[in-house]
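Observations on the three-dimensional arrangement
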Amino acid sequence: MSPSVCLQEMIRVIRGARTQGEERGVIQRECAAIRAQFRQADSGGRSHNLAKLLYVHMLGYPAHFGQMECVRLIASSKYSEKRIGYLGAMMLLDEKQDASLLITNSIKNDLSHSSQHVQSLALCTLACMGSAEMCRDLAPEIERLLKASNSYIKKKAALCAVHIVRKIPELGEMFTPSSFLIVLNSDTLYLHYLSHSVPELVQIMKNLVTSGYSPEHNVAGISDPFLQVRILRLLRILGRNNDAASDAMNDLLAQVATNTDSSKTAGSAVLYETVLTIMDIRSESGLRVLAVNILGRFLLNNDRNIRYISMTSLQKIVQTDHTAVQRHRGTIVDCLKDQDASVKRRALELSLALVSAANIRSMMKELLLFLSTCPPELRSHAASGIFNAAERYAPSQRWHIDTILHVLVTAGGDVRDETVPNLIQLITAASELHCYTVHKLYRALISDIVQQSLVQVACWCIGEYGDLLLKGECEEITPMQVTEDDVLDALETVLQSHMSTPTSRGFALTAIMKLSTRITNNVDRIRSVVSIYGSCIDVELQQRAVEYNALFKKYDHMRYFTMSYCTVILEFGCRSRLSLYFNIHDLLLMHILDNLLLFSYSQ
């Protein structure tokens, strides 16, 4: 992107960025060009560059280096530059910064300007970010403008007066009438006063909706959308927990929701405020459904910002209006394929909230497909949400196990620590699926040992149900002809792989030891493997190997009983979310082994 592009082109390029890194790169290059042009003496493009910088600031990036440029443009005699300068001051300056004091004299001069538009800029800026010191200096000017014959200036001067009184209450006597200020200074009295004005507000809003074309207030075919938004926000406050006020505005809200054109941004803004008002007051059920349908239409908008705020609003109401939101499930799921990461995150959260017993199979199919292609930063959240939904709505134990195994194969490195013991507990409880599960996990283990959570569950399952694997008989799945050597090779691969974590190696070593009680032809091989890890650099793994080796040497007659007892202890331990390997030392079995070793050494 060329540094000299116009604001519209810069916005197009930024919004077209597919990743946050690409967006940062575009903004950094543009900010560097803006800094360089600010340092030049030529002021021809200063307002153009400041406008671009303000957009950068709206996206959340640093723009403080434009503060002094705002001061220079405010002092300009050109209205186009002065307008951008005042806008920049309202966005980049606040009363705590010294730079704000530099514009006090410019504001004072502009309050006496012959043009009402220049006066308006100064009044808006003072009302937005005027400090106590600025308000004290400029209060006489505001008092003078309150008496002006121009209603346009008088309204903005009144807003300034409110800001001044809030900053410096003792200046309230300067402005009249006093009763007006009492209402402004008391939120409770203010709302009580306005609650009786709901019919008048409703009528004003109806006039705006039904009025003809007015070039002075019309924006993209919408009559004064800014005023409509303000009135809707006020109605939302007044109708909250108020049955009478809510009833008075129901017909109006239905009329606005039905007749407002959403093809333009102005219309979308009015409709969005209408939806928020409907959802916040005590509205009728049919009106709430209409509001949800409006949000559903927003999901089809090409503007990703509109799609984002639509899903944010749906997320807030999905629990109270679940059925109405469910009607737009297909559109919401399609948003999972959006290029924008923020839209994807919102779509994921909303999709997970829409999962129910009635749609668990279809929704889980879409979520698992999303998990396989989603960005790394969303994978953990997606996996966690899938686990919760599967646990809550699983139609069968086999489906539940298959779903979790699918997640472990796809994103095993991004799941929570408790996933492994939870899955082991689920497998243990499904006794009729032990053969099916051990065959499926063995196939997954020999295919890929990268996903460590999957490796740990597979090792545990092979150690527990390895005899079922060796039988080669399974009705639920096509059985594999597996030999004892094949099983031991797979577990030794885990022990020797550089990708295996100490936890996974611990699972594999314990699984090999358990198999010593379930196979007959390779006990010597198992004994050899265990003895090798008796000198392992990992202390925990070494301790387990030494203890297991002691069972072979001095307590071989107790080995079958000990490893069977280990199974029982571990199954109970996983229910209390204990680690199936490292916390085994806290269990009774390891105390027995330790005592046996101490007794052996003492002999």
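Owing to the predicted nature of the structure, the values given are computational and were not obtained by experimental measurement.

**Considering the packing of helix H13 (residues 225–239) against helix H15 (residues 265–280)**
Between H13 and H15, the shortest axis-to-axis distance is 9 Å and the interhelical angle comes to 5 degrees. In terms of orientation, H13 lies roughly parallel with respect to H15. For the pair formed by H13 and H15, the contact residues are Pro 225, Gln 228, Val 229, Leu 232, Arg 233, Leu 235 and Arg 236 on the first element and Ala 266, Ala 269, Val 270, Glu 273, Thr 274, Leu 276, Thr 277 and Asp 280 on the second. For the contact of H13 with H15, the per-class residue count stands at eight nonpolar, three polar and four charged.

**Let's talk about helix H27 (residues 484–496)**
If you check H27, its first and last C-alpha atoms are 18 Å apart, about what 13 residues at 1.5 Å a residue would give, namely 18 Å. Here H27 has its buried residues at Glu 484, Val 487, Leu 488, Ala 490, Leu 491, Glu 492, Val 494 and Leu 495. The secondary structure elements touched by the buried residues of H27 are helix H25 (434–447), helix H26 (452–471), helix H28 (502–515) and helix H29 (523–532).

**Some points on H25**
Between its first and last C-alpha atoms H25 spans 20 Å; for 14 residues at 1.5 Å apiece the expected length is 20 Å, and the two agree. Of all the 14 residues making up H25, 10 are buried; the element is thus mostly covered by neighbouring parts of the structure. Of the positions making up H25, those classed as buried are His 434, Cys 435, Tyr 436, Thr 437, Val 438, His 439, Leu 441, Tyr 442, Ala 444 and Leu 445. Summarising the contacts, the buried residues of H25 are in contact with helix H23 (397–411), helix H24 (419–429), H26 and H27.

**What to know about the packing of aromatic side chains**
If you walk through the whole model with that rule in mind, you get two aromatic pairs. Ring geometry for Trp 460 versus Tyr 465: centroids 5.9 Å apart, planes at 80 degrees, classification edge-to-face. For the pair Trp 460 and Tyr 465, a shared accessibility class is recorded, and that class is buried. The residue whose ring lies beneath Arg 398 is Tyr 436, and the NZ or CZ to ring-centre distance is 4.1 Å.

**So, the pattern of salt bridges**
If the charged atoms of two oppositely charged side chains come close together, the side chains can form a pair. Tallied over the full model, the rule gives 25 salt bridges. The residue Glu 273 makes a salt bridge to Arg 233 at a minimum N-O spacing of 3.3 Å. Highlighted residues: Glu 273 in helix H15 and Arg 233 in helix H13, separated in sequence by 40 residues. A residue is classified by how much of its surface remains accessible, and Arg 233, at 36% relative accessible area, is partly exposed. Put simply, Arg 236 and Glu 273 hold a salt bridge, and the shortest N to O gap is 3.1 Å. Separated by 37 residues along the polypeptide, Arg 236 in helix H13 and Glu 273 in helix H15 bring together distant segments of the chain. As far as the burial class goes, Arg 236 and Glu 273 line up, both buried. Residues joined in a network through salt bridges with shared partners are Asp 485, Asp 489, Glu 492 and Arg 525.

**Observations regarding the packing of helix H7 (residues 116–129) against helix H9 (residues 151–167)**
Interhelical geometry of H7 versus H9 gives an angle of 15 degrees and a closest axis separation of 8 Å. Viewed along their axes, H7 and H9 adopt a mutual orientation that is roughly parallel. Considering only the axes of H7 and H9, their crossing is left-handed. Across the interface between the two elements, Gln 116, His 117, Gln 119, Ser 120, Leu 123, Cys 124, Leu 126, Ala 127 and Cys 128 from H7 touch Tyr 152, Ile 153, Lys 156, Ala 157, Leu 159, Cys 160 and His 163 from H9. Residues that form the contact of H7 with H9 fall into these classes: 10 nonpolar, five polar and one charged.

**Remarks on the confidence of the model for the protein chain**
When pLDDT is averaged across the protein chain, the result is 81; 86% of the residues are at 70 or more. Predicted confidence is poor over residues 178–189, with pLDDT under 50, and the contacts of this stretch with residues over four places away or in other chains come to nine contacts. Residue range residues 567–588 is modelled with pLDDT below 50. Its contacts to residues more than four positions away, or to other chains, number 44 contacts.

What counts and how
- Residues numbered from 1 in each chain as written.
- Predicted model: local features only at pLDDT ≥ 70, side-chain atom pairs only at ≥ 80, totals over all residues.
- Heavy atoms only, no water.
- Axes fitted to C-alpha atoms, helices over the stretch in contact; angles between N-to-C directions.
- Helix = DSSP H or I, 4+ residues; strand = E, 2+ residues; numbered from the N terminus.
- Parallel < 35°, antiparallel > 145°, perpendicular 65-115°, else oblique.
- Contact = heavy atoms within 4.5 Å.
- Nonpolar A, V, L, I, M, F, W, Y, C, P; charged D, E, K, R; others polar.
- Expected span 1.5 Å × (residues − 1).
- Buried < 20%, exposed > 50% of the residue type's maximum accessible area, 1.4 Å probe, protein only.
- Phe/Tyr/Trp six-rings, centres within 6.5 Å; stacked < 30°, edge-to-face > 60°.
- Lys NZ or Arg CZ within 6 Å of the ring centre and 35° of its normal.
- Salt bridge = Lys/Arg side-chain N within 4 Å of Asp/Glu carboxyl O.
- Left-handed = near helix turned anticlockwise from the far one by under 90°.
- pLDDT = per-residue confidence, 0-100.

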